[in-house]
Amino acid sequence: FRRVLFRSIFILIAAAVLTAAFGQYYFRKKKLLFKALATCMPVAVALLYTLRAGEQGRFVSLLILAGAFLCMTADVLLELVFLAGVAAFALGHVCFLTAYIHLTPVRLMTVILFLLLLTVMLLLHGKFLPNFGSQAIYLVGYGALLSFMTAMAFTVAVQSEGPAGKLMAAGGICFYISDNILGFRILHEKNNRLSGAVLLTLYYSAVYLIAAGLWFLP
């Protein structure tokens, strides 16, 4: 048991350090490869857990693995075809959301929190929606998906015991904040270095925390 525990801790710490190192290098040098490598570390964390998961946890782990992989793919696509990157992120959120729903059902608190999170997004960015014409519906849809995923992550944290749900909830919240910062940077055209650093830190933390949460599932 001690050997398994030590190995698990080593994997999680090593992945966290490498995620931070690759992410920092990308932030400084803007090398697309290192942007993908940073997200590749949480993918590896989810993959290693999936390989050892029993029947009970395999479905959730596969969903988290798929979500992390889609985020890694989106990292690259955002730099090449922006809308394709957004679509990949949306699919990743669907995977995370499905995993959360599998862990615990939707509850009244989920709906209330979802409406609150979506309202905050609309208050922050709603005035820009008319500029996008008919495409505004896609932006609202993405915001609704992100809000629902975050609300479900929080529900998992409340309803489950142990650190797994707490880590996944923290990841969902980091995703919500980072995507809103990204929207603010794009819509307000304020791409300063500080907001970029905060954005990347929250984003990489989001993917890592969700993947790491798998290792604490009962």
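Just above sits the structure.
The model shown is predicted, which means the values in this text are computed figures rather than measured ones.

**So, the nonpolar core**
Membership of the largest hydrophobic core comes to 63 residues, with the highest contact counts inside it found for Ile64, Phe89, Phe96, Tyr100, Phe175 and Leu214. Put simply, the parts of the chain that give this core at least two residues each are helix H1 (2–29), helix H2 (32–52), helix H3 (55–80), helix H4 (82–103), helix H5 (108–125), helix H6 (136–159), helix H7 (163–188) and helix H8 (193–213). If you tally residues by element for this core, the top one is H8, at twelve residues.

**Details of a nonpolar patch on the surface**
The grouping of Ile101, Val106, Leu108, Val111, Ile112 and Leu115 at the surface amounts to a nonpolar patch, some 530 Å² of accessible area in total. The element best represented in the nonpolar patch is H5, accounting for four residues. Looking at the element boundaries, Leu115 is found in helix H5.

**A word on a positive patch on the surface**
On the surface, Arg28, Lys29, Lys30, Lys31 and Arg193 cluster together into a positively charged patch. Assignment of secondary structure puts Arg28 in helix H1. Judged by relative accessible area, which is 51%, Arg28 ranks as exposed.

**Section: the packing of aromatic side chains**
Tallied over the entire structure, the rule returns eight aromatic pairs. Judged by centre distance (5.8 Å) and plane angle (65°), the ring pair of Phe175 and Tyr203 falls under edge-to-face. Placement of the pair is Phe175 in helix H7 and Tyr203 in helix H8, with a sequence separation of 28 residues. In this structure, Phe175 and Tyr203 share a single accessibility class: buried. An angle of 50° between the planes, with centres 5.1 Å apart, marks the rings of Tyr203 and Tyr204 as tilted. The residues Tyr203 and Tyr204 share a single accessibility class, namely buried.

**Considerations on H4**
Between the first and last C-alpha of H4 there are 32 Å, a value that for 22 residues agrees with the 32 Å anticipated at 1.5 Å per step. For H4, the complete set of buried residues consists of Gly85, Ala88, Phe89, Ala90, Gly92, His93, Cys95, Phe96, Leu97, Ala99 and Tyr100. Contact partners of the buried residues in H4: H3, H6, H7 and H8.

**Some words on the environment of Phe34**
Inspection of the secondary structure puts Phe34 in helix H2. A residue is classified by how much of its surface remains accessible, and Phe34, at 23% relative accessible area, is partly exposed. Note: C-alpha distance between Phe34 and Ser61 (27 residues apart in sequence) is 25 Å. Here Phe34 is in contact with Phe22, Tyr25 and Tyr26, once residues within four sequence places are set aside.

**Things to note about unusual backbone geometry**
Unlike most non-glycine residues, Lys30 shows phi in positive territory, near 60°. Position of Lys30 among the secondary structure elements: in the loop between H1 and H2.

**Considerations on the pattern of salt bridges**
A complete count under the given rule lists one salt bridge for this structure. In this structure, the salt-bridge partner of Lys35 is Glu79, at a minimum N-O distance of 2.9 Å. One end of the pair, Lys35, is in helix H2; the other, Glu79, is in helix H3, and 44 residues separate them in sequence. A relative accessible area of 43% means that Glu79 is categorised as partly exposed.

What counts, and at which threshold
Residues numbered from 1 in each chain as written. Predicted model: local features only at pLDDT ≥ 70, side-chain atom pairs only at ≥ 80, totals over all residues. Heavy atoms only, no water. Core = buried A, V, L, I, M, F, W, Y, C linked by side-chain atoms within 4.5 Å. Buried < 20%, exposed > 50% of the residue type's maximum accessible area, 1.4 Å probe, protein only. Helix = DSSP H or I, 4+ residues; strand = E, 2+ residues; numbered from the N terminus. Patch = residues over 30% accessible without salt bridge, like charges linked within 9 Å, V, L, I, M, F, W, Y side chains within 5 Å. Areas by Shrake-Rupley, 256 points an atom, 1.4 Å probe, with all protein chains shown as cover. Salt bridge = Lys/Arg side-chain N within 4 Å of Asp/Glu carboxyl O. Lys, Arg positive; Asp, Glu negative; His and termini not counted. Charge placed at Lys NZ, Arg CZ, Asp CG, Glu CD. Phe/Tyr/Trp six-rings, centres within 6.5 Å; stacked < 30°, edge-to-face > 60°. Expected span 1.5 Å × (residues − 1). Contact = heavy atoms within 4.5 Å.

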